[in-house]
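The lines below spell out each chain.
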Amino acid sequence: MNLIKIKEPMSSKNDAKICLGIDFGTTNSVCSVKVKDKFQFILDDNGKTLIPTLILYSEKTKKFGNQIIKNESYFNSIFSIKRNFTKDFDKKIYDDENGAKISSMEVSKDFFIYLKNLCEKNLNQNVFDCVITVPAYFDEKARSGIMRAAFMAGLRVRRLINEPTAAAFAYGLEKKKKGIFFVYDLGGGTFDVSLLKLSDGIFKVIATSGDPNLGGDDFDILYAKWLVKKYFKIDFDSLNNREKLKLVKKSKLIKEKLFETQTFNEKLKVNECVKEIEINIKDFNKAINNLIDSTIKISLELLNEVDVEINKIEGFVLVGGSSRMKCISEKIKENFETTIFDDVNPDLVVSKGAALHGYELLNGSDNVLLDVTPLSLGIETMGGLMEKIISRNTPIPAIKEQTFTTHENGQTAIKFLILQGERETSSNNRKLGEFILSNIQPKPAGIPRITVMFSLDADGILFVTAKDEETGIQNKLSVKTNDDLDLNDMRKIVESSIENAKDDIHQRMVIEAKVKAKSFLNEIESVKKDIELLCSKNDINDIEDNVNLLKKSLETNDCDMINQNIEKLNKATESFAQKRIENDFSQVIGKDVDKID
Amino acid sequence: MSVNSICWDCENAIPPNVFICQKCNKIQPPKQVDEFKLMGISETFDLDLDELEKAYLKLQQVFHPDKYSQLSDQEIKYSTLLSSMINEAYQKLNSSISRATILLKLNGFNPHSEDKSFNDPDVLEEIMDIQNEFLEAESSEQKKLSIQKLNLKISETMENLSISFKNKEYAIANKLNVKLSYLEKIRIDFKKQL
């Protein structure tokens with residue numbers, strides 16, 4: 001290709017745009033920002049950079065981070081919320097300050113709001129733009145969940161970047177390093193390894209691997225189990241949940257103390273029985289040994305997979321709070337003949353990388369970050385097998401197409417099940433979603449050509465399109481849970497809410513109203529055919545008018561008007577909703593409802 | 001097929017292998033172009049992989065979506081498409097097997113007529129011998145030795161493949177490429193079993 005050098009439209013340093021770097025961690029979160037060539041960490045009201053990812057809802061108040069003192073309330077606080085993103089984060093399992101049930105995503109949204117407010121206080125201005133880091137081994141659902149929570153908090157997420165990549169970016173820029181580096185990132189809840197090649201201004205991820213459910217939290221659990229067994233002769237699993245939780249949190253506090261002191265005495269209470277016990281680093285290391293070994297195994301497998309000899313690697317960069325543990329660098333030295341670089345602060349470097357990258361995204365730069373997708377993506381085919389469309393460690397963005405066909409004569413619809421993972425059978429991989437492409441021309445089996453396109457963008461977010469080559473009928477799917485909006489739609493809503501926002505609270509109300517309105521409009525759109533079939537001409541016109549009214553109000557930031565128009569549309573569709581229920585019912589019975597006794 | 005396209009924004013003429021408008025600097029939508037031309041490197045089997053990587057990184061420095069995050073949706077979309085194309089072309093050219101397949105296609109040889117060489121008894125026997133040797137090896141030393149032999153065979157096949165491309169003997173090149181992909185599959189298999 002003939003390259004034409006283009007000049008970056010560099011803005012002058014004075015009006016450099018601000019973009020936060022947010023490391024939303026399992027145990028601790030860190031925010032930082034580069035303002036006019038100067039990099040700084042965000043401090044909370046206690047002057048701390050390390051903000052525990054803790055949320056406490058009590059009567060009519062919310063508390064966050066270091067506002068939660070490590071006493072009784074610490075044991076009531078919500079912790080390790082990030083771990084829920086690899087599970088069902090929409091399940092309403094927590095009580096908020098008003099006693100309403102809320103989901104992990106809503107709790108995270110509140111925490112993002114807290115972080116945003118802190119940053120605004122530090123910088124003395126409104127801030128919307130941010131880069132958020134995610135574990136490299138997080139799957140699609142977890143990534144989009146984090147992004148959604150940040151959007152709902154009023155943050156405009158400019159990029160999601162992988163934590164080890166962010167760390168390597170900050171490290172490479174700061175220390176001016178070149179060569180191949182192995183990033184070993186052991187956090188509170190997740191473990192990532194990434195192999196990166198650093199050259200002049202280029203940060204290229206060669207391959208990545210990890211375990212999204214292995215981190216400091218698991219050490220706390222194992223150590224708590226070991227302690228109650230050893231000193232109380234009790235099986236940990238026989239304890240009630242509250243007791244377990246207390247012990248795990250206590251075990252975490254002891255672990256943190258062990259970073260500084262090798263032995264000390266500590267009072268431990270189990271089922272009302274209090275004992276003074278001697279804490280020793282050796283016992284701790286023994287208790288967690290198996291987990292450390294599995295991090296070594298994952299590291300070895302990655303090196304083996306990519307055909308890179310250990311002597312070609314400059315060394316290991318240790319990242320993540322849990323990598324502070326001595327036993328980790330000892331184990332690495334045992335297994336790899338390599339240098340260990342521990343000249344970075346493992347708790348802060350990820351956020352720094354995100355902030356530096358954010359600055360460059362908004363203000364231009366010659367540096368480039370090239371990442372890969374951690375897990376293979378594909379669809380289920382006959383016999384419950386997964387057909388890979390994008391394989392793991394493919395550089396992103398990536399767009400791949402594959403053609404499929406029908407397996408029965410006259411088949412007019414195909415269901416696509418989107419999967420992520422490395423296993424052969426689809427049931428062992430994570431289901432990302434499914435959609436149906438209907439109205440395929442009836443043809444003999446094997447004749448229709450359905451092209452499925454997987455598009456993975458630079459955030460690592462997947463969009464899938466299926467198209468019947470003959471009719472041109474298309475169906476799109478973005479990975480989402482329930483009836484949530486497409487992430488691109490949400491991004492637009494957040495962007496539009498920023499203009500003329502009176503304050504943060506107003507901005508979030510606008511976002512909420514618009515998200516609700518847009519979901520409603522999508523729903524109406526999806527049942528358009530049924531409306532035409534079931535409703536009178538008058539009703540159809542009425543619905544159409546109200547749809548247009550709502551669409552029009554979406555162009556403004558007037559949330560009262562948006563909410564009123566939602567209500568109006570709701571009224572207009574009432575009789576349709578009723579008819580639809582009756583219709584569904586009559587189809588089941590096969591009779592007109594009026595004729596059923 | 002050296003037809004110019006027209007810039008979507010300023011309607012200036014854009015030469016075939018160019019993706020940035022010389023007049024208004026706007027990024028252009030992707031166009032059909034072969035992997036070598038996209039990378040701006042000469043069309044040969046004997047690629048210098050370091051050169052390929054340099055060309056690849058240089059292109060990503062221009063086309064990666066990070067460079068367009070402030071621009072219009074359309075420009076972001078084009079950069080995502082182009083950046084994906086560049087990623088894929090790089091991966092394909094970086095592997096000898098897919099690079100040979102691309103070259104065969106560019107020279108009008110349809111690599112799908114390859115089935116005959118599956119029945120090539122000499123190749124099959126050669127492959128069987130290597131597999132048997134590895135399976136019968138008792139110590140890991142012996143296994144490593146048979147992997148070394150396999151690696152030797154791979155580089156030998158690569159050399160022959162290179163010669164056949166130089167002599168424009170595409171039917172032979174196709175056979176060798178099928179053999180190479182078999183050997184490569186076995187190599188990955190062996191590595192997993194080590």
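These numbers come from a predicted model, not from an experiment.

1. Things to note about the overall build of chain B
Helix and strand counts for chain B come out as 8 helices and 2 strands. Relative to the compact-globule value of 16 Å for 194 residues, chain B shows a C-alpha radius of gyration of 21 Å, a clear excess of over 25%. Based on the C-alpha atoms only, the size of chain B along its principal axes is roughly 70 × 35 × 25 Å. Counting the 194 residues in chain B, one finds 41% classified as buried. Summarising the internal contacts of chain B: among those between residues at least 6 apart in sequence, 54% fall at separations of at least 24. Accessible surface for chain B amounts to roughly 10700 Å². Of this, 51% is attributable to carbon and sulfur atoms. The distance from the centre of the 24 positive side-chain charges to the centre of the 30 negative ones in chain B is 4 Å.

2. Structural notes on the interface of chain A and chain B
Reports of interface size often rely on the accessible area that becomes lost once the parts have come together. With 35 residues of chain A in contact, the opposing surface of chain B contributes 37 residues. Summing both sides of the interface, chain A and chain B together bury roughly 3100 Å²; the carbon and sulfur share of this comes to 54%. Across the contact surface, chain A and chain B share 4 salt bridges. The closest approach of N and O atoms between K492 of chain A and D73 of chain B, which form a salt bridge, is 3.5 Å. Across the chain A-chain B interface, the total number found is 14 residue pairs in polar contact (both at pLDDT 80 or more). Secondary-structure elements contributing two or more residues to the side of chain A that touches chain B are β11 (156-162), β13 (191-199), β14 (202-211), α7 (281-306), α9 (349-363), β19 (368-370) and β22 (398-404) of chain A. Here the side of chain A that touches chain B is composed, by residue class, of 16 nonpolar, 7 polar and 12 charged.

3. Points about the side chain of S194 of chain A
Residues and elements named next belong to chain A. Its location among the elements puts S194 in strand β13. The buried category is assigned to S194, whose relative accessible area is 1%. Residues within four places of S194 in sequence aside, it is in contact with A136, P164, F181, F182, V183, V205, A207 and T208.

4. Overview of the nonpolar core
Buried together is how nonpolar side chains tend to be arranged in soluble globular proteins. Core analysis: the largest hydrophobic core is formed by 54 residues, its most contacted members being L20, I22, F112 and I132 of chain A. In terms of residue count, helix α2 (residues 104-123) of chain A provides more of this core than any other element does, 10 residues in total. If near-sequence neighbours (up to four positions away) are discounted, I132 of chain A is found in contact with I22, F112, I146, A150, V157, R159, L160 and I161 of chain A. Grouped together as the second largest cluster of nonpolar side chains are 47 residues, I27, I86, A89 and I102 of chain B included.

5. Some remarks on the domain arrangement of chain A
Residues and elements named next belong to chain A. Domain assignment breaks chain A into domain 1 (14-215 + 290-370), domain 2 (216-289), domain 3 (377-478) and domain 4 (499-595). Each of domain 1 and domain 3 has a C-alpha centre, and the two are 32 Å apart. The interface is formed by 19 residues belonging to domain 1 together with 13 residues belonging to domain 3. Together domain 1 and domain 3 conceal approximately 1300 Å² of surface at their shared face, both sides included; 39% is due to carbon and sulfur atoms. Its largest share of buried area at the contact with domain 3, domain 1 owes to E140, K141 and R159, together 42% of the area lost on that side. Here D139 ties to R430 by a salt bridge, and the two come within 2.6 Å at their closest N and O atoms. Across the domain 1-domain 3 interface, the total number found is 10 residue pairs in polar contact (both at pLDDT 80 or more). Looking at the side of domain 1 that touches domain 3, the elements with two or more residues in it are α3 (140-152), β11, β14 and α7. Ranked by the residues each element gives to the side of domain 1 that touches domain 3, the list is headed by α3, at 6 residues. Of the residues assigned to the side of domain 1 that touches domain 3, the class counts are 7 nonpolar, 4 polar and 8 charged.

Rules used throughout
Residues numbered from 1 in each chain as written. Chains lettered and ligands numbered in written order. Predicted model: local features only at pLDDT ≥ 70, side-chain atom pairs only at ≥ 80, totals over all residues. Heavy atoms only, no water. Helix = DSSP H or I, 4+ residues; strand = E, 2+ residues; numbered from the N terminus. Rg over C-alpha atoms; globule rule 2.2 N^0.38 Å. Buried < 20%, exposed > 50% of the residue type's maximum accessible area, 1.4 Å probe, protein only. Contact = heavy atoms within 4.5 Å. Areas by Shrake-Rupley, 256 points an atom, 1.4 Å probe, with all protein chains shown as cover. Lys, Arg positive; Asp, Glu negative; His and termini not counted. Charge placed at Lys NZ, Arg CZ, Asp CG, Glu CD. Buried area = accessible area lost by both parts, 1.4 Å probe. Salt bridge = Lys/Arg side-chain N within 4 Å of Asp/Glu carboxyl O. Polar contact = N/O pair within 3.5 Å; in protein donor to acceptor, adjacent residues only side chain to side chain. Nonpolar A, V, L, I, M, F, W, Y, C, P; charged D, E, K, R; others polar. Core = buried A, V, L, I, M, F, W, Y, C linked by side-chain atoms within 4.5 Å. Domains from an automatic or database assignment.

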